[in-house]
Amino acid sequence: MLIIDNLKASIEEKQILKGINLQIKAGEVHAIMGPNGSGKSTLASVLAGRDSYDVSDGSVSFLGKDLLDMTPELRAREGLFLAFQYPIEIPGVSSTNFLKAAVNKIREHRGQDAMDAVTFLKLIKEKMKLVEIDQSLLSRSLNDGFSGGEKKRNEIFQMAVLEPRLAILDETDSGLDIDALRIVANGVNTLRNKDNATVIVTHYQRLLDYIIPDFVHVLYDGKIVKSGTKELALELEEKGYDWIREDEQVTS
Amino acid sequence: MSITERELRDYFTGRFESFNQGLNGNQSLEIKELRQKAIGAFAKQGFPLTKNEEYKYTPLTKALLKSLKLDAPVNSETIPTCKQHLIPELEGHMLVYLNGKLAYRSEDLPEGLEIEQLDRLDQTQISELKNHLATLSNYQSDAFAALNTAFFQSGSLIKIAANITIDKPIIIYHFSDGQSGTIYTQTRHLIMVGKNSRATLVEVNKNLNPEHQTFYNVASEVFLEEDTQLHYYKTQTECSGSIIVDNTNINQKDRSHLYCTTVTTSGTIIRNNLNVTINGEYCESYINGLYLVNGKDHIDNHTTVDHRIANSYSNELYKGIIDDAATGVFNGKIFVQPDAQKTNAFQSNKNLLLSDKASMNTKPQLEIWADDVKCSHGATTGQIDGEQVFYLRSRGLDEQQAKGLLLYAFATELLDRISLPVLKDYLKESISDRLYSCES
Ligand SMILES: Nc1ncnc2c1ncn2[C@@H]1O[C@H](COP(=O)(O)OP(=O)(O)O)[C@@H](O)[C@H]1O
Ligand SMILES: [Mg+2]
């Protein structure tokens, strides 16, 4: 589904991603872990198409197409979804109107008719239940004045409504209490199927108790320095990132 | 061919004598004297050039000299059916001015509402207005107010009795459709809201012939007695080709509430002078403005809120979206006089520039002579937030749609405060097409 080959990217002349290689197949859940500043959000942003980054080398193929060649909206319509680490507040823009516009853009791209108001409302209700989000949040402006946890939950709600092929959750667990964490995990697990894939970016292994990853990768200083199965996450939790650091120095 | 300031000034001062003589039989001595004073004030000031601090960023006179033709006939070129230019479904007590002349007025006014033609008042009526007519006008300091005061030929006296609520809005349409270069100065309104009464007033300005440049100079004086409430809306939404100067002076007495919103979406040059004097305790004034300008249009809002008495509240918010090579000007004066203790006065001006050539000059001016007050002001001029655009695009919205949504949200914050649903929807609709198609 996603093939990242030797991806290098920089921001303001500073190289952040230094040659990322990663392959994700349909049906898989991958976790990307790594200390603060290692480039996790940068990777997520480059994949979503944020234009403040310069990609200097490498390629990304998504469902057989050149991802880096697409506008952010085209990536979304092709089925990529990024749950932002810091969701943006947009005062004055109604959550439901925005979501309806997004749903219909994606449907249009797939050659489907626009969703009528009744069907859309039904869809919204169903997904609201799934992530246990309150109606009152949705009647407000998009993320406007939401608490950290509310914003994160709203990201997962949007994901549930848009049903992407590949979802990248950037630190969706941080700032969530254990109940919220369980709800988010439940949402992700329910939506999981053989045709879609999920990337969970986190620096705690906490969330991985609820969403069991097929693969765990460690991103360190712009590179994936270690990959393994869920046991790697536990090992990281136990030994900390210094362990990787030492290891890295030995191997390099 | 353009004319000089001197020629234009002489054109008006030269016509004054015969004009004033011509009206002789129809006007009272007071008015005659008033006109004399005003033309004197005008002759002394002349048309403001950009070295005049108040017109520094607005080359109004230059535009007038370029576009006015002193011999252009004032008559309609087309015979418009005004009806099709009214705001659809906006019901109310209507006054329609075409090229500065009253073309239509609603009959059957409700109890407590009196509307007279200001230029047709008899001696007794004028005497009764002695304490009101031209007492708020800034004709000594503003050439356009002076010109209007000297030459006003049409306009209305709108008088609302005490203790009454006028349910339907009073709607004044100012249409012009004359040939290029035509001058329609001189429409003037006097609005008096009696004690403990409530009303809504809408003023709509439209140029029906946008290829043609016209000059429209309107002045209003508004008196809010104790415990009144006035919603006052001004729309300048189809004014391409117009040069408009609007001088509005409002006086508030104890516990009166003013909700004033001015919406501008086109105009060669529009200058709005809105001056609110708070002459009472526990008054509230909400003064809002929205301007969306593109092409080479120029919008200038000059506002003054003068707190003279203690314990009142004013809140001013002007927002603008400026595209292409258009220009916006905002000057907001707040005065808090020594007696106006415990005043709360707030002012904010927020602008979005959509192109490199768009410009905005904003100047808040606070002068506070009382010590126990809460005042604040803020002004921002920036671009659409790239992070917000990216967020929306990352969900599948295209760039133009994302920007349109953000611009619309920015603009509707003000429109949502409009208390007349029909007017609110009309304005929202009229801006939405434009905002969703911004290129930048
Ligand atoms: N806008 C920016 N300008 C300059 N440096 C940035 C910017 N955004 C991120 N960085 C830098 O890029 C590096 C990686 O950041 P990020 O991808 O957010 O890390 P992570 O998500 O793994 O914590 C950090 O050193 C950070 O300081
Ligand atoms: Mg991060």
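That block above? That's the structure.
As the structure is a prediction and not an experimental result, all values here were calculated from the model.

Reading guide: rules and limits
- Residues numbered from 1 in each chain as written.
- Chains lettered and ligands numbered in written order.
- Predicted model: local features only at pLDDT ≥ 70, side-chain atom pairs only at ≥ 80, totals over all residues.
- Heavy atoms only, no water.
- Near = heavy atom within 4 Å.
- Areas by Shrake-Rupley, 256 points an atom, 1.4 Å probe, with all protein chains shown as cover.
- Helix = DSSP H or I, 4+ residues; strand = E, 2+ residues; numbered from the N terminus.
- Donors = N, O, S within 2.8 Å, 3.2 Å for Na, K, Ca; no water.
- Salt bridge = Lys/Arg side-chain N within 4 Å of Asp/Glu carboxyl O.
- Buried < 20%, exposed > 50% of the residue type's maximum accessible area, 1.4 Å probe, protein only.
- Contact = heavy atoms within 4.5 Å.
- Buried area = accessible area lost by both parts, 1.4 Å probe.
- Polar contact = N/O pair within 3.5 Å; in protein donor to acceptor, adjacent residues only side chain to side chain.

In this section: the site of ligand 1. Residues and elements named next belong to chain A. Every residue near ligand 1 is listed here: Ile11, Glu12, Lys14, Ile16, Pro35, Asn36, Gly37, Ser38, Gly39, Lys40, Ser41 and Thr42. Coverage of ligand 1 by the protein chains reaches 66% of its 560 Å² of free accessible surface. At the level of secondary structure, the elements contributing two or more residues to the shell around ligand 1 comprise β2 (14-24) and α1 (40-48). It is α1 that provides the largest number of residues to the shell around ligand 1, a total of 3 residues.

What follows deals with the coordination of the magnesium ion (ligand 2). Reference values for angles at a metal are 109.5 degrees in the four-donor tetrahedral case and 90 or 180 degrees in the six-donor octahedral case. Of the protein atoms, only Ser41 of chain A (OG) and Gln85 of chain A (OE1) coordinate the magnesium ion (ligand 2), at distances of 2.1 to 2.2 Å. Here serine 41 of chain A is found in helix α1, whereas its partner glutamine 85 of chain A is found in the loop between β6 (80-83) and β7 (90-94), with 44 residues between them in sequence.

All told, the structure shown has 37 salt bridges over all chains when counted by the stated rule. For glutamate 171 of chain A, the salt bridge is made with lysine 40 of chain A, and the minimal N-O distance between the two is 3.9 Å. With glutamate 171 of chain A in the loop between β9 (166-170) and α7 (178-191) and lysine 40 of chain A in helix α1, this residue pair connects regions lying 131 residues apart in the sequence. Grouping residues by exposure puts glutamate 171 of chain A and lysine 40 of chain A together as buried. One salt bridge in this structure joins lysine 65 of chain A and glutamate 78 of chain A, with 3.0 Å as the shortest N-O distance. Of this pair, lysine 65 of chain A sits in strand β5 (residues 65-66) while glutamate 78 of chain A sits in helix α2 (residues 72-78), and the two are 13 residues apart along the sequence. The exposure class of lysine 65 of chain A is partly exposed, given its relative accessible area of 39%. One salt-bridge network, in which partners are shared between bridges, spans Glu73 of chain A together with Arg393, Glu399 and Lys403 of chain B.

Listed by partner, the interface residues are 16 residues for chain B and 29 residues for chain A. Of the roughly 1,900 Å² buried at the junction of chain B and chain A (both faces included), carbon and sulfur atoms supply 64%. Along the contact surface separating chain B from chain A lie 5 salt bridges. At the junction of chain B and chain A, the tally comes to 12 residue pairs in polar contact (both at pLDDT 80 or more).

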